[in-house]
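These are the residues of each chain, in order.
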Amino acid sequence: MKNTIALFLFLIVIIVALTVNDADARDGFKYKTIHNVTFDIRVSDVLSNPIGQAVLRVTTEQSDITNAVTGKDGVAAFKISISDTDNLVSLIIEHPGYDTKTVYIDGIQDRSIVSRTICLGLNQGKKPKPDRDGDGVPDDADEFPDDPFLIGTAHGRYIIVYEVAAPETADADFNDCAARLDIREYIDNNNMISRIVVTSRVLAAGARHPGQLWISVLNKEYRLILDVQKDLGGSWNTRKGEAYFEGPVHTLEIPLEAPIARDIIEPMPYDPYLVCGGVRQAHLPFVNTKVAGAGPHGGELARAILLPADWAWPYEGTMIEEAYPEFRAWYETKGRENRDWYLHPEIDRVYKVSPTSILAVYFIKASSGVNYGILLGIITISMVTVAGISTWRKRRYGEQRAVSREYVQNQ
Ligand SMILES: [Ca+2]
Ligand SMILES: [Ca+2]
Ligand SMILES: [Ca+2]
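Residues numbered from 1 in each chain as written. Chains lettered and ligands numbered in written order. Predicted model: local features only at pLDDT ≥ 70, side-chain atom pairs only at ≥ 80, totals over all residues.

When pLDDT is averaged across the protein, the result is 81; 76% of the residues are at 70 or more. For the stretch residues 10–16, pLDDT sits under 50, and the model shows 7 contacts to residues farther than four places along the chain or on other chains. Under a pLDDT of 50 for its full length, residues 294–299 has, in the predicted model, 12 contacts with residues more than four places off or in other chains. (pLDDT = per-residue confidence, 0-100. Contact = placed C-beta atoms within 7 Å.)

We now examine the sheet that holds strand β13 (residues 220–225). Read across the sheet, 4 strands follow the order β13-β12-β16-β17 without closing on themselves; strand pairing throughout is antiparallel. Only two strands of the sheet have a single neighbouring strand rather than two, namely β13 and β17 (280–283). Direction aside, the axes of adjacent strands within the sheet are offset by 30° on average. (Pairing = 2+ DSSP bridges. Helix = DSSP H or I, 4+ residues; strand = E, 2+ residues; numbered from the N terminus. Axes fitted to C-alpha atoms, helices over the stretch in contact; angles between N-to-C directions.)

One finds Leu 56, Ile 160, Val 161, Cys 177 and Trp 313 to be the most contacted residues of the largest nonpolar core, which totals 90 residues. Broken down by element, this core gets its largest block of residues, 8 residues, from strand β9 (residues 150–162). Built from parts of two domains, this core gets at least three residues from each of domain 1 (2–148) and domain 2 (154–338). Apart from residues lying up to four places away in sequence, Cys 177 is in contact with Tyr 162, Val 202, Ala 205, Gly 211, Leu 213, Val 228 and Leu 274. (Core = buried A, V, L, I, M, F, W, Y, C linked by C-beta atoms within 7 Å. Buried ≥ 20, exposed ≤ 12 C-beta atoms within 10 Å, placed from the backbone. Domains from an automatic or database assignment.)

Looking at the secondary structure, you find Val 287 in the loop between β17 and β18 (304–307). What makes Val 287 buried here is the crowd of 20 C-beta atoms within 10 Å. In this structure, the C-alpha to C-alpha distance between Val 287 and Lys 30, residues 257 residues apart in sequence, is 9.2 Å.

Let's shift gears to the pairing of β9. Along β9, 10 of the 13 residues are buried, which leaves the element largely enclosed by surrounding structure. For β9 and strand β10 (residues 177–188), the ladder comprises 12 bridges, and the chain directions are antiparallel. Bridging across to β10, Thr 153 finds its partner in Tyr 186. As paired strands, β9 and β18 are joined by 4 bridges and run antiparallel to one another. Across the sheet, residue Ile 159 finds its bridge partner in β18, namely Leu 307.

The structure is reproduced here in structure tokens:
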């Protein structure tokens with residue numbers, strides 16, 4: 001009899017261990033370099049009883065994406081926003097009373113929803129991990145191990161570049177405003193967002209029109225930067241020979257009357273937009289925005305592009321497809337090819353920040369695939385080049401990366 005029950009339970013485990021109900025639709029191209037995925041995860045035991053307070057961790061090969069925790073119903077729903085070049089994510093499910101399970105989700109770029117029922121087997125004598133704030137999330141998974149009301153954050157770090165020239169003038173240099181945006185959602189012990197903090201900094205302002213940077217979150221408008229030109233003290237940070245001027249960081253806390261469910265809010269970066277000349281607005285083409293007429297403006301090109309990585313914008317007056325030769329293939333194939341076009345600049349056609357600036361790390365991103373021996377040689381050459389920025393500017397692409405590498409090693 002015992003054996004029969006064991007076999008029965010085993011079969012149930014096999015059947016319900018992983019119920020996959022993902023949606024595979026891609027929602028159009030729209031110049032997206034990031035991909036949003038809604039997770040709807042149900043965690044249960046072998047008898048289909050929901051497991052509350054299970055901790056979910058989503059990671060890519062490069063980084064941790066976010067944490068979540070299931071409610072009493074065993075469900076955790078949340079959205080993530082990842083680079084369109086990421087193909088594989090891991091979903092790790094932990095609970096002190098059950099065995100830890102890792103689910104690999106391949107082809108994440110082609111999924112809009114990850115809907116799974118995941119079954120955990122009983123923990124056979126495993127010691128529970130320490131949880132000193134008692135919020136159910138063990139210390140090693142708790143981003144706030146001494147705060148019982150917070151379990152983690154979701155963090156988005158982007159550069160957004162805007163083009164404000166009319167399409168017919170064909171000056172698509174995408175440096176009329178370049179801004180760094182860091183968005184952090186704080187996740188509470190009910191898997192709700194209890195705080196949202198947005199920090200912003202102007203990186204470039206290559207246009208004559210005065211610009212303001214705004215963001216729309218939960219149908220409310222917030223001004224991030226009052227005057228993007230003023231922040232750069234008269235510099236544009238786009239012209240050849242122009243030294244980089246570092247603008248100030250602005251911090252905005254979005255006031256929330258009550259915690260927000262993570263599957264209700266628009267995914268990061270929400271709707272950040274540039275207001276030019278006090279009236280015209282440039283929005284990212286893929287965001288939901290209530291502004292009529294927003295999005296791609298007449299011509300083929302978008303008015304704003306989001307970069308999920310550090311990025312060097314084109315020199316003043318240089319078309320984006322001249323500065324980034326793979327850009328054209330990317331948009332002509334509607335994002336199917338050259339998804340990492342933004343990592344491969346024509347180095348003589350993009351604005352280079354000083355190697356003493358923190359933005360010099362831009363060039364590290366593109367260093368993958370460099371032969372180590374060649375890299376060492378490049379570093380040696382680059383040590384000389386750091387002495388003179390004018391010489392440095394003439395160096396080829398790989399050498400630029402080595403300058404940055406040396407800069408980082410010196411920190
Ligand atoms: Ca904890
Ligand atoms: Ca905590
Ligand atoms: Ca410009």
